[in-house]
Amino acid sequence: MATDDSQNVIDQPEVLTHRMVTIEIAGKKYEVPEGITVIKAMWYAGQEVVRGVGCLGGFCGACATYYRTKDDPKVRTCLACQTAVQDGMSFTMMPPFPARKALYDIQKLQDPKQDLFNLYPEAPLCRNCNACTEACPQKIDVREGVWKAVFGDFQSVSEMFMDCVMCGMCTPVCIADIAPNLVALYVSRAQGAHFTEKPAGLDTRIKEIKDGRFDDEWKKVLSMNEKELAEHCATVK
Amino acid sequence: MDIHALQQIVHQTRDARRKQTIPKFSPADRDQLIHKYHPDWRASAYRPIRFGPNEGDKTVVELATLLEGDSPIGSTVDLTPHHTTDVLIIGGGGAGCAAALHAHGAGAKTILATKLRLGDSNSVMAQGGMQISVAPEDSPVTHFIDTLKGGHMQNDHDLLKVMVEEGPSIAKWLIELGVLFDRQADGNLHVKKGGGSSKPRLLTCSDYTGLEIMRVLKDEVINQKIQLLEFCAAVELLSDDDGRCTGAILKDLDNHQYVVVAAKSVILATGGIGRLHIQGFPTSNHYGATGDGLCLSYRMGAKLDHIDTFQYHPSGAVYPEQLIGALVTEGIRSEGGQLVNAKGERFVNELDTRDVVSSSIIRECEEGRGIRTMSGRVGVWLDTPLLDAEHGPGTVEKHFPAMMLQFERFGIDISKDPVLIYPTLHYQNGGVKIDTNSETNVKNLFVAGEASGGLHGRNRLMGNSLLDLMVFGKRSGLTAASRTGSVTQGKLTLKHVERFRAEAKKHGNVSGVISPMILPAYTRKVG
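Residues numbered from 1 in each chain as written. Chains lettered and ligands numbered in written order. Predicted model: local features only at pLDDT ≥ 70, side-chain atom pairs only at ≥ 80, totals over all residues.

Attention now moves to the overall build of chain A. The number of helices and strands found in chain A is 10 helices and six strands. Expected size for 237 residues packed as a compact globule is a radius of gyration near 18 Å; at 26 Å, chain A overshoots this value by more than 25%. C-alpha extents for chain A along the principal axes are approximately 70 × 70 × 30 Å. Looking at chain A residue by residue over its 237 residues, the buried ones come to 38%. Taking all contacts inside chain A whose residues are at least 6 apart in sequence as the whole, residues at least 24 apart take part in 58%. (Helix = DSSP H or I, 4+ residues; strand = E, 2+ residues; numbered from the N terminus. Rg over C-alpha atoms; globule rule 2.2 N^0.38 Å. Buried ≥ 20, exposed ≤ 12 C-beta atoms within 10 Å, placed from the backbone. Contact = placed C-beta atoms within 7 Å.)

Written as structure tokens, this is what we have:
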């Protein structure tokens with residue numbers, strides 16, 4: 001039975017009034033509706049966006065953007081798909097930055113904590129300016145992570161950087177030419193591949209499958225007709 | 001009303017709801033609910049495909065139009081290859097990366113082309129986890145049964161058996177590459193229970209499972225020096241005189257030039273269709289989810305399976321405006337988050353399959369028990385603070401850091417206030433029909449991941465997508481690589497396009513669109 005849900009409406013003055021705001025995209029002024037995301041503002045302004053859009057869900061890091069709000073000298077960073085525009089905002093997307101990624105065979109590393117210094121010799125040269133941490137749209141304490149990597153605390157780094165979307169905004173700001181996200185990626189992979197206990201139960205299961213432990217059950221299930229299978233399925237709760 | 005005032009009912013009813021158990025629907029009730037409310041059953045949104053391998057089969061209008069669409073390639077285009085390779089992989093998400101790594105590892109010369117950057121995909125957003133039967137009380141057979149039930153018994157048994165049996169070795173492979181799955185105190189893999197599953201089976205990396213796997217796979221693709229063609233969208237396949245697939249034409253989106261690639265095998269790992277916004281739904285999908293692989297393989301004569309069924313994820317954000325369509329992970333419901341209507345009542349077992357939960361949310365909203373937003377949307381509450389109440393303060397923040405951060409950016413603390421949600425277009429249940437090697441009925445044309453069909457039946461079980469990507473990415477890559485020695489590079493022709501055009505002409509060239517779409521047309525026409 002339909003009931004009246006007219007009471008259950010969320011107040012959204014911003015939707016009702018649909019205020020237009022003035023923003024600057026790469027130095028050019030546009031009028032766009034207040035509160036839409038930075039990406040949507042670019043589309044609204046008539047711009048084709050190919051580079052700079054990825055998952056649109058805040059996970060892929062494609063839409064790394066620099067922005068400044070009205071009268072504030074501070075240039076901040078954001079993910080354009082996760083940030084709303086406001087009046088007087090000025091922004092530009094970060095171009096692809098030519099950071100150097102070290103190449104390695106993760107499984108063949110002999111001494112991953114030492115190898116860090118061969119692969120990324122710049123990592124210990126951090127000058128503590130903290131610009132990387134300030135640049136991180138994921139709020140990771142990037143500077144702390146770089147130091148922990150250098151001191152061999154790979155586990156902490158892997159935990160701290162689980163939120164890292166690899167947007168790379170920590171890299172252009174680094175005065176020691178470190179690419180912290182790439183350092184952390186190496187460290188996290190090394191942590192997983194070399195310093196994490198192998199799950200014994202997983203090997204047991206792989207062996208069970210190989211040895212045919214489930215073969216009888218498979219035979220039974222796969223020989224059932226449609227009706228029998230449906231009945232069997234109903235018993236699995 | 002102020003949102004906080006509307007949320008009060010959720011806070012007020014929390015303690016009473018905690019004690020409540022809601023039984024799952026009986027099969028008959030479940031079917032009735034789905035037939036009445038699930039978007040797959042909205043007949044007016046569907047029409048038969050006029051011609052081609054699935055002539056007469058019904059699918060949504062948006063997809064039917066694209067499938068019948070014309071190729072952008074004229075008959076005069078120069079087919080001299082710019083690249084020649086053993087295996088060409090199209091798509092840079094989970095399935096594409098897994099295919100590339102296995103094909104390359106087996107010694108084949110491999111090129112991976114993707115229309116955005118390597119890794120820009122739905123895979124990177126997968127939060128809920130990956131179903132693999134690693135727990136002692138679980139088994140691949142139970143995984144098989146759960147998936148079959150979720151898929152309304154329509155799943156391809158052979159594909160499904162392969163997937164569940166290869167799951168554990170996939171987990172091992174990923175761990176060896178450095179993927180950090182959550183662990184138990186004893187070092188074994190931690191498993192969570194997912195909707196529609198009888199046993200806890202979800203491997204997770206907090207709520208960043210897809211991101212963690214993709215960070216590692218992307219890094220590995222680069223470390224292995226696999227040739228990448230980024231911002232190169234596939235716009236047509238190539239065939240020889242016998243109709244076998246021999247390569248593809250890509251369009252470089254930076255300079256708008258065509259790039260012709262000759263390949264002994266082609267693997268399409270192009271993902272789903274969310275950005276077609278079927279039936280006007282918002283979507284949780286990435287920017288490039290426009291069903292390109294379906295159009296390309298259809299023109300080549302590949303048969304599609306289950307393309308009339310789509311998954312609407314129960315919990316897409318409805319508020320704030322900026323997050324409309326974005327996913328609120330199912331993990332919240334796995335940990336006990338309840339769905340609550342405007343009257344403060346629960347109305348479904350939150351861990352039922354996605355089609356059931358979505359249908360019941362739509363029912364609540366259509367029957368006037370939803371909460372409306374001023375932009376005309378409607379939804380129900382997902383009681384996220386319940387997790388902190390149930391498992392202790394800090395639970396939401398610790399287990400769902402990605403969700404916390406996403407809402408925090410808009411001033412919402414989901415550990416304190418419930419989230420407004422409504423189903424969002426999430427997944428294409430069907431796709432190009434494949435065999436257990438991931439090959440289509442077109443020789444040397446493989447399809448892996450969401451673009452393929454059959455495995456998931458009519459409703460994919462949560463957590464099975466990441467595993468699908470890895471298993472069939474691997475199988476397509478290995479099979480394609482194994483043909484390197486026996487297959488000689490075939491001629492590069494557009495005969496399949498000529499055949500398709502002749503058929504379209506017979507049917508009056510009614511589609512009127514060029515496909516694939518490549519990217520959705522979000523840019524406002526100014527002036």
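Bringing the overall build of chain B into the picture now. In terms of helices and strands, chain B carries 15 helices and 20 strands. For 527 residues, the compact-globule formula gives about 24 Å, and the C-alpha radius of gyration of chain B, at 23 Å, lands near that figure. On the principal axes, the C-alpha backbone points of chain B span a range of 70 × 55 × 45 Å. In chain B, which comprises 527 residues, the proportion classed as buried is 61%.

Bringing the packing of helix H8 (residues 200–210) of chain A against helix H6 (residues 157–177) of chain B into the picture now. Contact geometry for H8(A) and H6(B): axes closest at 9 Å, N-to-C directions at 145°. Remark: the crossing between H8(A) and H6(B) carries left-handed chirality. On the side of H8(A), the interface is formed by Leu202(A), Arg205(A), Ile206(A) and Ile209(A), while H6(B) contributes Glu165(B), Pro168(B), Ser169(B), Ala171(B) and Lys172(B). Residues belonging to the contact of H8(A) with H6(B) are distributed by class as follows: five nonpolar, one polar and three charged. (Axes fitted to C-alpha atoms, helices over the stretch in contact; angles between N-to-C directions. Left-handed = near helix turned anticlockwise from the far one by under 90°. Nonpolar A, V, L, I, M, F, W, Y, C, P; charged D, E, K, R; others polar.)

With 214 residues, the main nonpolar core has Val183(A), Leu88(B), Ile90(B), Ala248(B), Leu250(B), Val266(B) and Ile267(B) as its most contacted residues. Ignoring sequence-local partners within four residues, the contact set of Val266(B) consists of Leu88(B), Ile90(B), Leu237(B), Cys245(B), Gly247(B), Ala248(B), Asn444(B), Leu445(B) and Phe446(B). (Core = buried A, V, L, I, M, F, W, Y, C linked by C-beta atoms within 7 Å.)

All right, on to the sheet that holds strand E4 (residues 64–68) of chain A then. Residues and elements named next belong to chain A. Spatially, five strands are ordered E3-E2-E6-E4-E5 in an open sheet, and the strand pairing comes out mixed. Edge positions in the sheet fall to strand E3 (28–33) and strand E5 (76–79), since each has one partner strand and no second. Direction aside, the axes of adjacent strands within the sheet are offset by 35° on average. With two bridges joining them, strand E2 (residues 20–25) and strand E6 (residues 90–93) adopt parallel strand pairing. Each residue of the ladder has a partner; that of Glu 24, found in E6, is Ser 90. (Pairing = 2+ DSSP bridges.)

Okay, the sheet that holds strand E6 (residues 191–192) of chain B next. Residue and element names in this part refer to chain B. Strand order in this open sheet of three strands is E5-E7-E6, and the pairing throughout is antiparallel. Looking at strand neighbours, the two that pair on one side only are strand E5 (130–131) and E6, the edges of this open sheet. The sheet contact formed by E5 and strand E7 (residues 202–203) spans two bridges and is antiparallel. Bridged to Gln 131 within E7 is Leu 202.

Residues and elements named next belong to chain B. Splitting chain B by domain gives domain 1 (3–37 + 311–425) and domain 2 (83–309 + 429–495). Look at where the C-alpha atoms of domain 1 and domain 2 centre, and you get two points 30 Å apart. The set of elements that each furnish at least two residues to the side of domain 1 that touches domain 2 consists of strand E13 (310–317), helix H9 (331–334), helix H10 (354–366), helix H13 (401–408) and strand E17 (419–428). In terms of residue count, the dominant contributor to the side of domain 1 that touches domain 2 is E13 (four residues). Of the residues contributing to the side of domain 1 that touches domain 2, the split by class is 11 nonpolar, 10 polar and five charged. (Domains from an automatic or database assignment.)

We now examine the interface of chain A and chain B. Facing 72 residues of chain A, the contacting portion of chain B comprises 78 residues. Elements with a minimum of two residues in the side of chain A that touches chain B: strand E1 (9–10), helix H1 (13–17), helix H2 (38–44), helix H7 (180–194), H8, helix H9 (215–222) and helix H10 (226–235) of chain A. It is H7(A) that contributes the most residues to the side of chain A that touches chain B, seven residues altogether. Grouping the amino acids of the side of chain A that touches chain B by side-chain chemistry returns 38 nonpolar, 21 polar and 13 charged. Bridge count between E1(A) and strand E15 (residues 371–373) of chain B: two bridges; the pairing is parallel. When the sheet's bridge partners are listed, Val9(A) is paired in E15(B) with Arg372(B).

Turning next to unusual backbone geometry. All names here are of chain B. The step from Tyr 319 to Pro 320 runs through a cis peptide bond, and the omega angle for that step is 0°. Here the amide bond leading from Ser 515 into Pro 516 is cis, since omega sits at 0°, within 30 degrees of zero. Mapped onto the secondary structure, Pro 516 falls in the segment after helix H15 (495–506). Notably, Asn 444 is not glycine yet its phi reads approximately 65°, a positive angle. Relative to the assigned elements, Asn 444 resides in the loop between strand E18 (431–433) and strand E19 (445–447).

A word on the packing of helix H4 (residues 94–105) of chain B against helix H14 (residues 464–482) of chain B. All names here are of chain B. The N-to-C vectors of H4 and H14 enclose an angle of 35°; their axes lie 7 Å apart at closest approach. Of the two possible hands of crossing, H4 and H14 adopt the one that is right-handed. Contacts from Gly 94, Ala 95, Gly 96, Ala 98, Ala 99, Ala 100, His 102 and Ala 103 of H4 reach H14 at Leu 466, Leu 469, Met 470, Phe 472, Gly 473, Lys 474, Ser 476, Gly 477, Leu 478, Ala 480 and Ala 481. Its residues assigned to classes, the contact of H4 with H14 comprises 12 nonpolar, six polar and one charged.

Before going further, it helps to spend a moment on the environment of Gln47(A). Considering the arrangement of structural elements, one finds Gln47(A) in the loop between H2 and E4. Each C-alpha atom, one on Gln47(A) and one on Ile25(A), is 9.9 Å from the other, the two residues being 22 residues apart in sequence. The residues touching Gln47(A), leaving out its near neighbours within four places in the chain, are Met42(A) and Thr523(B).

Next up on the list: the pairing of strand E16 (residues 378–383) of chain B. Residue and element names in this part refer to chain B. Most of E16 sits out of view: six of its six residues are buried. Where strand E14 (residues 338–340) and E16 come together, three bridges link them in antiparallel fashion. Its bridge partner being in E16, Gln 338 is matched across the sheet by Asp 383. Sheet analysis places E15 next to E16, joined by two bridges and oriented antiparallel. Bridging from a neighbouring strand, Ile 371 pairs with Gly 379 of E16. Linking E15 back to E16 in an antiparallel pair, the connection comprises four residues, with Gly 376 at a positive phi of about 90°. Relative to E17, E16 is paired through three bridges, and the arrangement is antiparallel. Note on E17: the bridge partner recorded for Leu 382 is Val 419.

We now examine H10(B). Residues and elements named next belong to chain B. Between its first and last C-alpha, H10 extends 18 Å over 13 residues, near the 18 Å set by a 1.5 Å rise per residue. Of all 13 residues in H10, 11 are buried, a share of seventy percent or more. Taken together, the buried positions of H10 are occupied by Arg 354, Asp 355, Val 356, Val 357, Ser 358, Ser 359, Ser 360, Ile 361, Ile 362, Glu 364 and Cys 365. Just beyond H10, the residue with positive phi is Gly 368, at close to 85°. (Expected span 1.5 Å × (residues − 1).)

So, about the environment of Val513(B). Residue and element names in this part refer to chain B. When you line up the elements, Val 513 lands in the segment after H15. By C-beta crowding, Val 513 is classed as exposed, having 12 other C-beta atoms within 10 Å. Separated by 268 residues in sequence, Val 513 and Cys 245 place their C-alpha atoms 24 Å apart. Those residues in contact with Val 513 that lie beyond four places of it in its chain are Thr 65, Leu 66 and Gly 69.

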